[in-house]
Each structure stands twice: as C-alpha cells, then as structure tokens.
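# Architecture at a glance
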Amino acid sequence: MIHSLSKKIQKIKFAYLSPDEIRKMSAIKIITADTYNDDGFPIDMGLMDPHLGVIEPGLRCKTCGGKVDECLGHFGHIDLAMPVIHVGYIKEIKKLLQTTCKSCGRILLPKEQIKEHKEALEKVEEMGGDILDFKLVAKETAKDASTRHLCPHCGAEQSKITLDKPTSFRENGHKLTPKEVRERLERIPNEDLFPLGINPDVLRPEWTILTALPVPPVTVRPSITLDSGERSEDDLTHKLVDVLRINQRLRENRDAGAPQLIVEDLWELLQYHITTYFDNQTSGIPPARHRSGRPLKTLTQRLKGKEGRFRSNLSGKRVNFSARTVISPDPSLSINEVGIPVKAARELTIPVRVTEYNANVIRELVKRGPTPEEKEYVPGVNYVVRPDGRRIKVTEKNAEPIAETIDVGYIIERQLQEGDIVLFNRQPSLHRMSMMAHEVRIMPYKTFRLNLCVCPPYNADFDGDEMNLHVLQSEEARAEARILMRVQEHILSPRFGGPVIGAIHDHITGLFLMTHGDTRFDIHQTIRILSRFEDIKLPKPKEENGKKYWTGKQLFSLTLPKDLNMSFKSKICQNCDTCMKEKCELDAYCKIQNGNLICGTVDEQVVGAFKGKVLDKIARDYGSDRAREFIDDITKMAIGSIMIFGFTTGIDDEDIPAEAKEQIGDVLSQAIKKVRDLVNAYQDGILEQMPGRSLEETLEVESMKVLGQARDKAGQIAGKQLGLENSAVIMARSGARGSMLNLSQMAGCLGQQAVRGERLSRGYWHRTLPHFKKGDLGAEARGFVQYSYKSGLEPTEYFFHSMGGREGLVDTAVRTSRSGYMQRRLINALEDLKVKADGTVRNTANTIIQFEFGEDGIDPSRGIQGKAVDVDDILLDVLGEKVFAEVIKEKVIESYGIQEKDLTSIEEMGEEE
Amino acid sequence: MDKLDVRSNELVPQHIPLSREEEKELLKKLGVRKGQLPKIRKSDPCIKILEQIGEVKEGQIIKIVRNSRTARISTAYRMVIKG
Ligand SMILES: [Mg+2]
Ligand SMILES: [Zn+2]
Ligand SMILES: [Zn+2]
Ligand SMILES: [Zn+2]
C-alpha cells in the first residue's frame, strides 16, 4: 500500500538523460533478443528479465522483491555498439552544429559578441522573464552565429551543414556519422552553452546522441496471453527486439573487421529501428509494421493525439458507477426524478456500511442475492467487502451463506433503489444546469426517462439523444447533491434571472386549450384530468341549465398557491392601443386573485420555460419546493387537458382559400412589377438617389423594401385565413412551437432570399443562374421566392433558397466552434475560483480576486433581472394594488420583474443557442 | 510637470494610497495578509504619478474606487509591487 504523503512541488527541471544516468538507473543490462525459453520462462538478460518487474501474479520482482501491485517495474538498458542520433533532439543538434566551429567547438562569434549575448540572457533571467523570452534571446544568438564562414577563434573554415530528413547530416555532400556528430558536440566548451540557451549544469549536448538506450520496465509493455495459449508481445517489445538484433549483428561485424560498407548499412538500420522506436510516424521513413501489416504503436504514438495518454487518460477518464443510454420523455415523472431501466439499476451500486443498527436489514438484503425475483423491483447486493478489504461477489448460490457472515464493519454494495440521488448529465455541458441531481425511479425498458420540463436546461430532445448518469458513492456527496444540485434548485437560471425549467410545447398547448375563453369540462372530463393528481379536492362546480360543469380556469387555479395575486398580459396579447384589461376580447389579460385565475389565457408568458411569469414568481416567493410542485402539477394538468381535446397538425393546416391565394398572387406580382419599374428607372438614370448611398445601393435598398413589404402583406393575407381553430396557429400564438412568420412562409410566400443581408448576385457572369439574362436586376433573378412551402417552389427559387439556407448552416457551424473555444478559455480561467463565506472571491492560493462577488454580492439567480430587489413588486405587495397605483402615478405595473424589453433580449439569447 | 496626468481622465478610477493605520485596519477587517491582496505594478501610470508626488512606496496598499455596473460604486485594494 502506498501511503499518501503531501508535499508541495517547488519547481520542475527538464534535462536530457545522460548515458551514465541511463546505466545508473538500469536494473539490468539487456543483451539478448530472445524473450522466453521453451518452458515459457523469461530468459535472463532478455527483454522480459524478471529484474525489470513483474506482470504475472504470484511471481516476485528480482530487483525489489515486490509482487504484482507492489512493484512498479524497473528500467534496464541496452549498450549500443555504435552511437545513434535521438530523433527527438534533431532540431537542437542541427542548431548546435551550425552555430559552433567544426574544429574547436566554440560559438562562431567573436569573444565580445558572445559576452554581449550572454549578458542579454542574464538580464532576461534577472528580470524574471519566462522561458519564452529566454528562448527568444538564445535564438537570436544562434541566428547571428550560424551565418559565419570563418571561426573567429581558430580561423577554421566552416562548411554548410544540412539535415537530410529525418536523421542524417551532410557537410558539403559528405555524410556525417553519428559518431562524428557526437565528437563535435563533445568539443563545445561549457561556457559557450549558456549563450545558446543551454544550462551546462544539467545537460551536455552530446547526450542527444545515444550510446545507451533505456529499456522500459515490463509493466509498461506487458505481454498478453491469447486464448490459444500463445503469447502476444507489446509493440514496444517488438521494436526493442529489432534493436537488440541489429545491435548484436553490428557489434559482431565491427569486431570481426567486416567491410566498412556492411558496418555502415547495419549502423543505418540500427538508427532506423531506434528512430521508429521513439516515433513511428517520423516523416521521411516508412513506418515499422507488424507482421499483419499494421503500423506499430511506439512511444510517441502512445502519448499523442485524441487517443493518446494525455487526452484520453489524463485530462479525461472513464469512470465507474456511471451509465449512458438513450433518453425518452415521461410526463408522469416529477422534474426531480429520472427513470432508470432495471438492467442499469442492477449494475449500479451504492456502498453501505454495516452498523449494529442496520445489520439485520442488510443481512436480509444480501440474502436476496444479485437478482431478486420479486414482483416489484427490489434492490439486491452485488458485492460484499469484508473489513480486511477482500471483495466477495455475491451470486445466487452463495447469497445465503454470505449473509450469515455479515457483521458490523462490513461494507455491502447495494443496487440502486427508488429515491436514491444520482447525477444526470447531457453534453455539451456548457452551464451548471447541464449536470443536475435527480431522484431515482426504477422503470422497465431500456431508456432513461425524464420530465419534459427539464429538457430546456439540458437542451435535450428525443431524436436519439443519449445522457449520462453517475451514482454518488459517499454520504457527503449525496448530501451536497441533494442540497445544491437537485433539479428544483435550478429552476431559476443565473444567466438571466428567470426560469429555465418550465412548460414547453404540448404543455403550453394543453394549458392554452384548457384556459382560453370560456372552456368548460363536464364531470367525466374533469375527473379524468384530476385523476392524475394524488391528492386534490374537486372544486365547486358551476351550473347551467341544470348541468354541472367546471371551467378550465377553475381547474388551472387548483395548481396555484392560494394567496397568489398578479396581473399581466399573456403572450397572445396583440398590444391593442388601449388595453381593455379584464374585458379583453382576446382573453389576453391575465389576472390572478387569491390563487384564482379570474381572466386571461395561460400560455408561454405564464408558465413557459424562460418566460413564465407565474412560474418566476412562485419560484421566487414560495421557494423551490412549491415551484417543483407547481411544475409537476401543470404538467399533469396540461397532459390531461390536451388528451381530452386531442391535438394534431398537418400540411392542411396551411390550406387557404383560392381567393386568398389570388390576392397574394396580385400583391406579389404588383411588387415584382414595382421592382421592374425601379430597375428601369435606374437604367434610364432617373432613379432618385438616397442621401449617403450610391445609385446601386439605392436600387437595392428600395427593392428590398418593396419585396419585404410584399411578403409581409402576403403573410397577413394568409394569416387572416388562419384563425385560432387552426392547430398550427394555436401553437404559434400560445408560444408552444413555431411562429406566425413560419406559418406565413408555409402558407403565403417565402420572400427574398439573402446572403450577407443582400439580394443574391453571385454565381455566373453577371447573373445568378443561366435562366436569366445577363445584368437582370429584377426580383425573380435576384432571389425573390414568391411561392410558399405549401405551394412548392420553382426550380430557380429552390436553388436560391438553398443558397440562403447554406449561409445559415455555415454561420452556426462557425459560431459554435468559436463560442466553444471561448467557453473553454473562460472556464479554464475561472475553474477553481470560489466565493468564500466572507463574500470575497478567492483562488486556490487563497489570494483575493474580487472583494465582493460580482462587486455587489448578488447571486444572479436570486436577483431580479440582475438587480438585487424589485422595489415595485415589494411596494405592490405591501400597499395593495389600489394604493400602489396611486403612489406610482404612471401606468399600473404590467409585469412581475421582467419587462417587455428584457423579454425580447432573452428571446434573442435563446434563439442564438 | 508638463506631462499629462492620467488621473484627470474620467475613465481612470480614483487611486488613493492608504496610511499605515488604515492599512492595518483594512487587513484586520478583511482577515488577510498583505500578500493575499491583488497587486499593482509600480510601472502602472497612476502609481508612477503618485510616486512622483511621493505618496507611494513598494508594498503600500492603494485603495481604488471605481464605478460599477452592478454596485454603482465598488472599492478594491491593491498592493504596489516592483516592475
Ligand atoms: Mg437531439
Ligand atoms: Zn521491483
Ligand atoms: Zn574554431
Ligand atoms: Zn388586450
């Protein structure tokens, strides 16, 4: 066992390994390329020598005597017959060869200049400059030196040294052997290294030419035994075998006095093997391959890239006690809950410590085994951990005997059970609401289930989205998650101080249908809706012609707190010149008195995510428990309601009568003609120029204006035919989905297509498509689409539409990548800042970053639209509506907190996402 | 001094050097050591001017009062360091 020891790292130094160091840290010298003998035992002084560590359980390390998990392994080394260049240092070697004299080894600069450069470096060091400044100065020195042709110290003539990728140097066409290179580097005196940016106290340049090669421990390159009993070696081992073989042959040939040519060939081969051992993707040489033809994964490949050690094992890891699957909706769940498939629940466990108080219960739990066969789901136990640390897997067979042995001090790993708290997450995790704590509900089938109201914070839909789940393993973590991370604690967003969790889509439609106008439900319908609630009292019915009925407003009021009072405009309000208030014809003025919806329609502005005012007020004034209850209740209410009405939409929702179509056609052809007139006027030179614009710009602006108006007009004509009996209109007007603009593009006219905010102009020589005359500036030739999605587009129009559509796609692609990078940088900068109890923001060094969080100490999710308090609302509360109206001589306050202008900005933010 | 005094620009917040006693009091109030405060370089244009007037030394605490979007006025403290 490794005992934890905490020490503070003062500094880290990087240097090259010297041959002496390599030999000193080596546990054994490797001389033979063979790994195992015929009996399957590792050969001494081979690549699998037991001195290098152990990988087989039961064996002991010959160096330290440790067993498998105790010994981390030990390095060995290979003595190379001839020196070999290390590819990783090739740039440094080249620089050193070019800047120093070939015969005396000094820097190719006169003494005074060396001194100057040295002083410049010392100054940087003194000023506390970082490594980059340092490198910059050293680079300058190297640049000065490498241009000299005569050595100022010994007068030797210098020749040009070039690098033949990847590892051979040439001097005037003559090849330098690694040995020669090493000799030159050895000649460089210590005092000349510093001006080149090298600290001679920690490294010598000749160490970049290897004379000994470290052999990593076997734990770094474990061999695996296949099912067939065959051994399969790691890629690194394969590579080291190659190195050893060639090294051996090279030594033999050299010692036997073989011809220079053969020795040189072998030397080069050794260089190749060692180069590919370091990096098998070195450019200029073919990668070393496995027998099967697969390129070997050598040292560099282990570290580099997405699948490398850094990105996939160090910055991010796979974790235990987690699950991932497709999500699907379930309106019967609370927003605080998450549905987990039985199969997943039986794999995910929570450790429970056995105490004298729970021992009996736990024995019963263990007795059930890992797969209890009860009618309802009950948690079983997967593992039992004895006080000595031994883990025993519980099976159906051993469950009973193990249960008997359970005693205080044991820990059992219990399967998930209803009510457990887990973390639920969807990528990309851009804000804190991307990971929230949910309570477990065990369910059949294979998907995670969630309430639809939590879709907006996760930005989830059900077109195949998958989500992750993490089971918390400690009591502290669970407590923290329950208090801080539970869904209900995140209803109000810190981004804009309004609700991010709330009704969407069908919930809004359902409540709209229920509450709009004088909607009535008979006893059967009422019971059907209310039967979804566990504990609710049937309100007093109204009566007409002896028939009992309940109004939708009455039923909706059941979800409201009994002392809630507010009044504001619904989403469907058309902003009439003088608001009729309670008598609004559209039923768009919402008034809630003592928890009763007196008038008005419930829509996006009332309960919607991002905009719901009632939701906002309840979350703020009544707390998160009440807000959660409210959201759960309106979910039930909305689903109950929409299932009574039935709701569907289809292409025939965009059907409009022939006269309307004719009207639209007239409007459009008039507009097109108007544009033609403008173009003619421009060509005749009688177009009146707008101030500050060229004639061309005037034409563009004018025609855009005309065509824009025409499209709006067409939309209006189409819109007039589509009333509130139309499903698509209900969705658009109530804010459930889509907009009236979408509808007018489907039913009326698509309008002008634009790229970069201008009419289309590019494509062919002086025209957009060959279907038009060159220089045609008319509406049709410049991307005006006069048909609708419903009627279908002309081929040219279809092409223009895809031009406009392409711009949108490119924009989003560019924007997401850019904002993703910005987000990353921001998060890295703020990562471990913390607001302390005294209100200061501090970093991990405990130094102050901000004296008061946000300068005002306000939690943006608790404040109102960024302000600490809403004075108007408090006044309204304290004074009552009448007095308040007198006090504030202006109009009666129309909204709670959120003002109309704020709303539009929120809307824009939402759309941008 | 014919050079421009940056402090006269409305975008430059007020820099007020604290006295020994005020420093002591502040550190007591905040419950921190001097080193835990944010820093300001001696080469900062404002500090340069204060230095010329002879009001600041290295290690002294400067009170900075600036306009804030959230709190209208906010106060921060910085310790003068070399550089
Ligand atoms: Mg999706
Ligand atoms: Zn060992
Ligand atoms: Zn020389
Ligand atoms: Zn109205």
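Residues numbered from 1 in each chain as written. Chains lettered and ligands numbered in written order. Predicted model: local features only at pLDDT ≥ 70, side-chain atom pairs only at ≥ 80, totals over all residues. Heavy atoms only, no water.

All right, on to unusual backbone geometry then. All names here are of chain A. Cis geometry is adopted by the peptide bond preceding Pro166, which originates at Lys165 and carries an omega value of 0°. As for its position among the elements, Pro166 is in the loop between strand S2 (161–164) and strand S3 (168–171). A cis geometry characterises the amide bond from Gln427 onward to Pro428, with omega recorded as 0°. Within the element layout of this structure, Pro428 appears in the loop between strand S14 (421–425) and strand S15 (435–443). If you check the backbone angles, Asn846 has positive phi at about 65° while not being a glycine. (Helix = DSSP H or I, 4+ residues; strand = E, 2+ residues; numbered from the N terminus.)

Before going further, it helps to examine the interface of chain A and chain B. Taken residue by residue, the interface counts nine residues in chain A and 14 residues in chain B. Across the chain A/chain B interface, buried area totals approximately 890 Å², and carbon plus sulfur atoms make up 55% of it. Scanning the region where chain A abuts chain B turns up zero salt bridges. Where chain A packs against chain B, one counts five residue pairs in polar contact (both at pLDDT 80 or more). (Contact = heavy atoms within 4.5 Å. Buried area = accessible area lost by both parts, 1.4 Å probe. Salt bridge = Lys/Arg side-chain N within 4 Å of Asp/Glu carboxyl O. Polar contact = N/O pair within 3.5 Å; in protein donor to acceptor, adjacent residues only side chain to side chain.)

Time to look at the coordination of the zinc ion (ligand 3). All names here are of chain A. Every protein donor of the zinc ion (ligand 3) is listed here as Cys101 (SG), Cys104 (SG), Cys151 (SG) and Cys154 (SG), and their distances to the metal cover 2.2 to 2.3 Å. In this structure, the zinc ion (ligand 3) is surrounded by four donor atoms whose angles at the metal cover 106 to 117°, and the resulting shape is tetrahedral. Mapped onto the polypeptide sequence, the residues donating to the zinc ion (ligand 3) form the spacing pattern C-x2-C-x46-C-x2-C. Here Cys154 lies in the loop between helix H4 (131–145) and S2 and Cys101 lies in the loop between helix H2 (90–99) and helix H3 (111–126), a separation of 53 residues in the sequence. (Donors = N, O, S within 2.8 Å, 3.2 Å for Na, K, Ca; no water. Tetrahedral: all angles 85-135°; square planar, octahedral: opposite > 155°, others 65-115°.)

Below, the discussion takes up helix H22 (residues 695–721) of chain A. Helix length check: H22(A), at 27 residues, gives a terminal C-alpha distance of 40 Å against a target of 39 Å (1.5 Å per residue), a fit within 8%. Buried residues along H22(A) sit in contact with helix H21 (658–683), helix H24 (740–747), strand S24 (751–752), strand S26 (758–759) and strand S27 (784–785) of chain A. (Expected span 1.5 Å × (residues − 1).)

Attention shifts here to the coordination of the zinc ion (ligand 2). All names here are of chain A. Those donors, Cys61 (SG), Cys64 (SG), Cys71 (SG) and His74 (NE2), are the protein atoms that reach the zinc ion (ligand 2), and they lie 2.0 to 2.3 Å from it. Spacing between the donor residues of the zinc ion (ligand 2) along their common chain follows C-x2-C-x6-C-x2-H. Accessibility expressed as a relative area gives 45% for Cys64, which makes it partly exposed. (Buried < 20%, exposed > 50% of the residue type's maximum accessible area, 1.4 Å probe, protein only.)

This part takes up the layout of surface pockets. All names here are of chain A. Each pocket or cavity is described by its volume, and for the second largest pocket that value is around 1,600 Å³. Where the lining of the second largest pocket is concerned, the elements lending two or more residues are H2, H3 and H4. Among the elements that line the lining of the second largest pocket, the one with the most residues is H4, at nine residues. Each residue belonging to the lining of the second largest pocket can be placed in one class, and the counts come to 19 nonpolar, nine polar and 13 charged. (1 Å grid on protein atoms, 1.4 Å probe; cavity = no way out; pocket = protein on both sides within 12 Å on 5 of 7 lines; lining within 4 Å. Points joined across faces, edges and corners; volume = space filled by probe spheres on them. Nonpolar A, V, L, I, M, F, W, Y, C, P; charged D, E, K, R; others polar.)

A word on the packing of helix H15 (residues 506–515) of chain A against helix H23 (residues 727–734) of chain A. Residues and elements named next belong to chain A. Two elements in contact, H15 and H23, have axes whose closest approach is 10 Å; the angle formed by their N-to-C orientations is 100°. Classified by the angle between their axes, H15 and H23 sit roughly perpendicular to one another. Of the residues in H23, those in contact with Ile508, Thr509, Phe512 and Leu513 of H15 are Ile730, Met731 and Ser734. Residues of the contact of H15 with H23, tallied by class, amount to five nonpolar, two polar and no charged. (Axes fitted to C-alpha atoms, helices over the stretch in contact; angles between N-to-C directions. Parallel < 35°, antiparallel > 145°, perpendicular 65-115°, else oblique.)

Moving on: the nonpolar core. Residue and element names in this part refer to chain A. Residues Leu416, Leu469, Ile501 and Val614 are the most contacted members of the largest nonpolar core, which totals 68 residues. A total of seven residues in this core trace back to one element, the largest contributor, which is helix H20 (residues 623–645). For Ile501, the contacting residues outside a window of four places in its chain are Ile335, Met436, Cys453, Val454, Pro457, Val487, His490, Ile491, Ala609, Leu615 and Ile631. If you look at the next biggest cluster of nonpolar residues, it comprises 31 residues, including Tyr36, Leu236, Leu266 and Ile274. (Core = buried A, V, L, I, M, F, W, Y, C linked by side-chain atoms within 4.5 Å.)

Further remarks concern the pairing of strand S9 (residues 337–341) of chain A. All names here are of chain A. With respect to burial, S9 is a largely interior element, five of its five residues being buried. Covered by surrounding structure in S9 are Glu337, Gly339 and Pro341 together with Val338 and Ile340, the residues of both alternating faces. Summarising the sheet, S9 and S15 pair through five bridges and their orientation is parallel. The residue bridging Pro341 from the neighbouring strand is Met443, located in S15. (Pairing = 2+ DSSP bridges.)

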